[in-house]
Amino acid sequence: MTEIVLNTSTLPEPLTRLIATEKVRVKELNGVVQLFPVKENVDCTVELRGMFAGDPEMTMDRFLERTRVDKGLDL
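It should be emphasised that the depicted structure is a prediction, and the values quoted were computed from it without experimental measurement.

A few words now on the confidence of the model for the protein. The pLDDT averaged across the protein works out to 80; a share of 75% of its residues lies at or above 70. Element-level pLDDT for the protein is lowest in helix H2 (residues 60-74), with a mean of 79, against a maximum mean of 91 in strand S2 (residues 23-29).

Further remarks concern the sheet that holds strand S3 (residues 32-38). Strand order in the open sheet made by the three strands is S1-S2-S3, with antiparallel pairing throughout. Only two strands of the sheet have a single partner each, and these edge strands are strand S1 (2-7) and S3. The average angle at which neighbouring strand axes cross in this sheet is 25°, direction not considered. Of the pairings in the sheet, the one linking S1 to S2 comprises six bridges and is antiparallel in character.

For Asn 30, which is not a glycine, the phi torsion comes out positive at approximately 55°. In this fold, Asn 30 is placed in the loop between S2 and S3.

It is worth spelling out the pattern of salt bridges at this point. Side-chain pairs of opposite charge can arise whenever the charged atoms involved come near each other. What the rule picks out here adds up to two salt bridges. Arg 25 is paired through a salt bridge with Glu 3; the nearest N and O atoms lie 3.2 Å apart. Residue Arg 25 is found in strand S2, and its partner Glu 3 is found in strand S1; the two are separated by 22 residues along the sequence. Residue classification places Glu 3 among the partly exposed residues on the basis of a relative accessible area of 39%. For Arg 17, the salt bridge identified is with Glu 13, shortest N-O distance 2.7 Å. Accessibility expressed as a relative area gives 61% for Arg 17, which makes it exposed. Its relative accessible area of 46% is what places Glu 13 among the partly exposed residues.

Criteria and cut-off values
- Residues numbered from 1 in each chain as written.
- Predicted model: local features only at pLDDT ≥ 70, side-chain atom pairs only at ≥ 80, totals over all residues.
- Heavy atoms only, no water.
- pLDDT = per-residue confidence, 0-100.
- Helix = DSSP H or I, 4+ residues; strand = E, 2+ residues; numbered from the N terminus.
- Pairing = 2+ DSSP bridges.
- Axes fitted to C-alpha atoms, helices over the stretch in contact; angles between N-to-C directions.
- Salt bridge = Lys/Arg side-chain N within 4 Å of Asp/Glu carboxyl O.
- Buried < 20%, exposed > 50% of the residue type's maximum accessible area, 1.4 Å probe, protein only.

Structure (structure tokens):
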């Protein structure tokens, strides 16, 4: 299986009319090539899941810092 991401501007014009995104994921499996539009997250934030999902003050940096501290306690 091969998988790459391309700009749609590199595709032939008939395909770019069908795809509304700027990038497309190209996947090849057993001789079949599939194109998947890639929707990019504009704000580049990562949602936390689990017990920190509802905590608006828990940023990814604070979460990583907290896990480092927790690992230090385990030693």
